[in-house]
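Residues per chain are reported as follows:
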Amino acid sequence: MADEYFFALTLKGKSSEVWDPEAKAAEDYQGGHKLIIKQALLGPEATEGEVNVVQVEAMTWKDSVKIPVATLKAGGPNNQVLLDLSFPDPPVTFSLIQGSGPVHIIGHHLIGSPLEEEFDEMDELEEEMIDDEEGEEGAEEEEGR
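Residues numbered from 1 in each chain as written. Predicted model: local features only at pLDDT ≥ 70, side-chain atom pairs only at ≥ 80, totals over all residues. Heavy atoms only, no water.

Naming follows an unreviewed UniProt entry, where the chain appears as Nucleoplasmin core domain-containing protein of Molorchus minor. Here is the UniProt Subcellular location (unreviewed entry) comment for the chain, exactly as written: "Nucleus". UniProt, in the comment section headed Sequence similarities (unreviewed entry), describes the chain in these words: "Belongs to the nucleoplasmin family." (UniProt positions renumbered as here; feature names shortened; annotations may be inferred.)

**Let's talk about the overall build of the chain**
Secondary structure assignment for the chain yields 2 helices and 8 strands. Mapped in sequence order, the helices and strands of the chain form the string β-β-α-β-β-β-β-β-β-α. Within the span of the chain, comprising 145 residues, buried residues form 30% of the whole. Long-range contacts, defined as pairs at least 24 residues apart, comprise 80% of the intrachain contacts of the chain with a sequence gap of at least 6. Here the chain has roughly 9700 Å² of accessible surface; of this, 50% comes from carbon and sulfur atoms. (Helix = DSSP H or I, 4+ residues; strand = E, 2+ residues; numbered from the N terminus. Buried < 20%, exposed > 50% of the residue type's maximum accessible area, 1.4 Å probe, protein only. Contact = heavy atoms within 4.5 Å. Areas by Shrake-Rupley, 256 points an atom, 1.4 Å probe, with all protein chains shown as cover.)

**Some points on the pairing of strand β3 (residues 33-42)**
Here β3 runs beside strand β8 (residues 103-111); their pairing, made up of 9 bridges, is antiparallel. In the strand pairing of β8, Lys34 is matched with Leu110. (Pairing = 2+ DSSP bridges.)

**Quick notes on the pattern of salt bridges**
Summed over the entire model, instances satisfying the criterion amount to 1 salt bridge. Note that Asp84 is salt-bridged to Lys38, the shortest N-O span being 3.4 Å. Residue Asp84 is located in strand β6 (residues 80-87), and its partner Lys38 is located in strand β3; the two are separated by 46 residues in the primary sequence. (Salt bridge = Lys/Arg side-chain N within 4 Å of Asp/Glu carboxyl O.)

**Details of a negative patch on the surface**
A contiguous patch of negative charge on the surface is contributed by Glu124, Glu126, Glu127, Glu128, Asp131, Asp132, Glu133 and Glu134. With respect to the helices and strands, Glu134 occurs in helix α2 (residues 115-144). (Patch = residues over 30% accessible without salt bridge, like charges linked within 9 Å, V, L, I, M, F, W, Y side chains within 5 Å. Lys, Arg positive; Asp, Glu negative; His and termini not counted. Charge placed at Lys NZ, Arg CZ, Asp CG, Glu CD.)

**Quick notes on the environment of Ala58**
Along the chain, Ala58 falls in strand β4 (residues 51-59). Sequence separation between Ala58 and Phe87 is 29 residues; the distance between their C-alpha atoms is 7.6 Å. Each residue touching Ala58, except ones within four places of it in the same chain, is listed here: Asp63, Ser64, Val65, Phe87, Pro91 and Val92.

**Quick look at unusual backbone geometry**
At the junction of Pro90 and Pro91, the peptide bond is cis and its omega measures out at 0 degrees in the coordinates. Cis peptide bonds are those with omega within 30 degrees of zero, and the linkage from Gly101 to Pro102 qualifies with 0 degrees. Residue position: Pro102 is located in the loop between β7 (92-98) and β8.

**Things to note about the packing of aromatic side chains**
One pass over the full model with this rule turns up 2 aromatic pairs. For the pair Phe7 and Phe94, a centre-to-centre distance of 6.5 Å together with 35 degrees between the ring planes defines the contact as tilted. Of this pair, Phe7 sits in strand β1 (residues 3-11) while Phe94 sits in strand β7, placing them 87 residues apart in sequence. Each member of the pair, Phe7 as well as Phe94, is classed as buried. Aromatic side chains Phe87 and Phe94 sit 6.2 Å apart centroid to centroid with 85 degrees between the ring planes, which places their arrangement in the edge-to-face category. Each of the two residues, Phe87 as well as Phe94, counts as buried. An aromatic cluster of at least three residues, connected via ring pairs, comprises Phe7, Phe87 and Phe94. (Phe/Tyr/Trp six-rings, centres within 6.5 Å; stacked < 30°, edge-to-face > 60°.)

**Overview of the sheet that holds β4**
Sheet architecture is open: 4 strands sit in the order β2-β7-β4-β5, paired in antiparallel fashion. At either end of the open sheet lies a strand with only one pairing partner, and these are β2 (16-19) and β5 (64-73). The average undirected angle you get between the axes of adjacent strands in this sheet is 20 degrees. (Axes fitted to C-alpha atoms, helices over the stretch in contact; angles between N-to-C directions.)

Okay, here's the thing in C-alpha cells:
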C-alpha cells in the first residue's frame, strides 16, 4: 500500500523546479516514488492575455524527453488545465518556458511500501479473485438445474 501526499509547486518567470525525492530522502523506500500531476492553473496575479507554457523534462524507458504539457492564458477560459500525468521515475523538471506566471502545478506524491508487503497484498487479492470466481461458477450451475 502506498502513502499519498499532496504535491504542489509554483513557477514564476523563467524558473524551473525539480522533483527528486530520492536525492533528498534519507530513507530508502523499496516501493519507490511516483508523482501524479492533476492540474496546472494560473495565479490571480498573472498578466492578462499573456501565454504561459509549462514544459516537463522526464525519463522515458530509454532516455530523457522535454515536452510542453500545458499552455495557459490569463483572462480567458484557458487559465487552467486538467492533467493526468504520471511520473514513476525521478527526477522530473518543471519549467516555465514562456510567460511570467505564476503557474501552480498540483498533484499527488505517492511513496511505496516495501516490496514484500506489496507482493503479499497482490497474492491475497489474487486468492480473493479466484475464490469469487469459483463462487460465481457454483451459483450459475445451481441455477441451471
